Amino acid sequence: MSNEIKIQLPDGSVREVPAGTTALDVANSISPRLAAAVVVARVTPLRGVAATANEAALEASEEAMYSGHAGDAARVVDLRAPLTEDVALELLKESDPAALRVVRHSAAHVMATAILELFPETKLGHGPATDNGFFYDVYREVPFTEMDLAAIEARMAEVVARDEAFVRVEEPREKGLEEYKAQGEFMKVHFIERFTKPGEEISLYRNGGFTDFCRGPHVPSTARVKAFKVMSIAGAYWLGNENNQQLQRIYGTAFFSAKEMEAHFKHLEEIKARDHRVLGKQLELFSIQEVAGAGLIFWHPKGGLIRKTMEDWMRDECVRRGYQLVYTPHIMRRELWKISGHEGFYAENMYPPMELDDAEYRLKPMNCPGHILIYKNSPKSYRDLPQRYAELGNVYRYERSGTMHGLLRVRGFTQDDAHIFCTPEQVVSEIEACLDFAEAVLKTFGFKEYRVELSTRDPKKGTDFVGTEEDWANAEGALTGVLQGRGLSFQNFPGEAAFYGPKIDVKLVDVLGRLWQLSTVQFDFNLPKRFELEYIGEDGAAHQPVMVHRALFGSVERFFGVLIEHYAGSFPMWLAPVQVGLVPISNEKHLAYAESVKQRLEAAGLRVELDASNGKMQSKIRDFGLQKVPFILILGDKEAATDSVSVRVRAKGDEGSVTLEAFVERAKRLVAEHAMEL
RNA sequence: GCUGAUGUAGCUCAGUGGUAGAGCACUCCCUUGGUAAGGGAGAGGUCAUGGGUUCAAGCCCCAUCAUCAGCUCCA
């Protein structure tokens, strides 16, 4: 290695500096102000190889947190790390997202410092940055209380005020292991053994009296952690396994400034304001009743109306696309679930059997066996295929008590479930049609972005799957082919397939950028075999049909929950339970006109509510506003005289008067077009 | 299921062992108004449920149920 190395800056200029120069040195040589503002550096080795940034992948991998092996890829390093080879150098300031992750990771160290100072008996697990902050997993017999958390936060402020430099130390692995073993730090010992190899140097980061096994990088000193908050505490299993010991996971968040942190908290409040559980109550859409049981949804009139609209659309669309609507029972005899295999592989998610006469019955957790019985009820010719049975089927699944969440995770729900029985030749076009349908659902309900995931078999786990190698290869090939044929970009998840077949999941991205699993299209090799499904082919012989499961809303409840949050309760016209609110300026003078307007709007098929209470018009406007009613019509002398209405539009305000006729036309058009805007 | 927190009027929440509270909503009365809260009065609670401690429990203890934040699992 020569003594001089080349440093390429983002503007393309190249500097020759002695090996061992640090990013901080480079920053200082440019400007001391830059040096003060910069947090960490991103370096990409210049070896004539096209280096690609794969930080995201690195950060996702726990291994990478500790190993430090990043090959030729770009990596984020400490400002004080000596540069030893030719690199492209980027000095990252506080505004860089990568810098934010670094300061949060440093904040986790600050928190660990505070915890050990206050509660020295605590053992440390790991403390990574997350999308919204950071956490540290720790073990301590006694639970931390809220007062403890406040004390930890206060002590963190002291650690920050001490302005302790984060110093990277490398030492022999065995030395580190010995020290941690002596301290009883069983989790650190595990991480070193898991993520480093014998004979290697391990890296530690030290600030003041605190040392942590850590790959880094970190901000230069604790003083750079300018804004932070200890948020909450929760349990977390050691190594994510519920059979293991439970740790205490302390969550916090950190920013480079109090202002950014305030903005973050404000954002959290906005998310809470669109929480479907909060809006469900405020807008009287649905409830969950303790006396009835957890995870069971009561659809109130307004929620019910939205549901009806969703279901009507879905049924019509199914019929239009060649599905046949079917209905199957909610309870069926246990024998059926034995044949389908649910008794075996799904029993723990099913409600227990109930005895009726001499037989045992079970509540259905899935619709497939019912649809299969319909298929099997009469012989099928290849000319009959595909058979597409669709049902909005209510299913009940036992979910563990801590897992329920509003409409998004429940014990009783309605699947817009369909099963397609077809010949192997028809599979590709059927899958195509399913994806097409899924896209139509997303588009119609106002989602612009979505992601596609292909779950395939992990060849290493051969015995955990039903079906032959050939079946799987064909099915996976078909799914991949369809996705590629449509030009859809998708992520492949080997090993994530159901045991009975591969699947395509469509996850939608809501207005806040959150991901929701809804639509799914799955192959099934299992049930056609178990039920010995057949069709008579052109050759006159019996063949086994291919079976495809498909749900597009996924669950009507969950889809509704996502819709509520997506629209923050401000539904587009066609979905809004009350589309028009009527406000007479004076009941005495204008109620009669208001009632005639109501009648005429209802005759036009609109959903209207007239507030005939004796309050002031201002408060009536406010009430409709809080209910997020799309249009409020103000009716006074002027309107009554000209057969017109004064239109107030949700989120826009007063738009002045138009004739009733013109308003009806506008409203009907918005409904018919499923328009997102008003 | 696990860890921690919470459960008081329809809703949002006060109430640290001694007679159960507020605002909004509701009912009635007054007010009849021009684009997000007019005024007054009234009614409304088995303090989640079941045990226990105490002269006395919304409050302290135990159990159960539910909710919340996570973990695990999933549409």
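Quick note: structure is the one above.
Note that the structure is predicted; figures quoted are calculated from it, not measured. (Residues numbered from 1 in each chain as written. Chains lettered and ligands numbered in written order. Predicted model: local features only at pLDDT ≥ 70, side-chain atom pairs only at ≥ 80, totals over all residues. Heavy atoms only, no water.)

A. The arrangement of the pattern of salt bridges in detail. Per the counting criterion, the structure on display carries 47 salt bridges. Residues Lys6 and Glu16 are paired through a salt bridge, measuring 4.0 Å at the closest nitrogen-oxygen approach. A residue pair is termed long-range when its members are at least 10 positions apart, and Lys6 in strand S1 (residues 4–8) and Glu16 in strand S2 (residues 14–18) qualify at ten residues. Notably, a salt bridge pairs Lys364 with Glu391, separated by 3.4 Å at the nearest N-O pair. Taken together, the residues span a long stretch of sequence, with Lys364 in the loop between strand S18 (359–363) and helix H14 (368–376) and Glu391 in strand S19 (residues 387–396) at a distance of 27 residues. Glu391 gets classed as buried once you look at its relative accessible area, which sits at 6%. Here the residues in one salt-bridge network are Glu317, Arg320, Arg321, Glu432, Asp436, Glu439 and Arg486, joined through shared partners. (Salt bridge = Lys/Arg side-chain N within 4 Å of Asp/Glu carboxyl O. Helix = DSSP H or I, 4+ residues; strand = E, 2+ residues; numbered from the N terminus. Buried < 20%, exposed > 50% of the residue type's maximum accessible area, 1.4 Å probe, protein only.)

B. Spotlight on the sheet that holds strand S16 (residues 331–333). Overall, antiparallel pairing links the three strands, which are arranged S16-S18-S17 in an open sheet. The sheet is open, and its two edges are formed by S16 and strand S17 (354–356), each paired on a single side. Neighbour to neighbour, the strand axes of the sheet diverge by 40° on average, direction disregarded. Where S16 lies against S18, three bridges are found, and the strand directions are antiparallel. Each bridged residue has a counterpart across the sheet, and for Met332 the counterpart in S18 is Arg362. (Pairing = 2+ DSSP bridges. Axes fitted to C-alpha atoms, helices over the stretch in contact; angles between N-to-C directions.)

C. The arrangement of the side chain of His371 in detail. In this fold, His371 is placed in helix H14. In this structure His371 comes out as buried when scored by relative accessible area, which is 0%.

D. Representation of the packing of helix H15 (residues 427–444) against helix H16 (residues 469–485) in the model. Relative to each other, H15 and H16 sit at 50°, their axes nearing to 10 Å. Judged by the angle between their axes, H15 and H16 are oblique. Where H15 crosses over H16, the handedness of that crossing is right-handed. From H15, Val427, Val428, Ile431, Glu432 and Leu435 reach across to H16, where they touch Ala478, Leu479, Val482 and Leu483. A breakdown of the residues in the contact of H15 with H16 according to their chemical character gives eight nonpolar, no polar and one charged. (Parallel < 35°, antiparallel > 145°, perpendicular 65-115°, else oblique. Left-handed = near helix turned anticlockwise from the far one by under 90°. Contact = heavy atoms within 4.5 Å. Nonpolar A, V, L, I, M, F, W, Y, C, P; charged D, E, K, R; others polar.)

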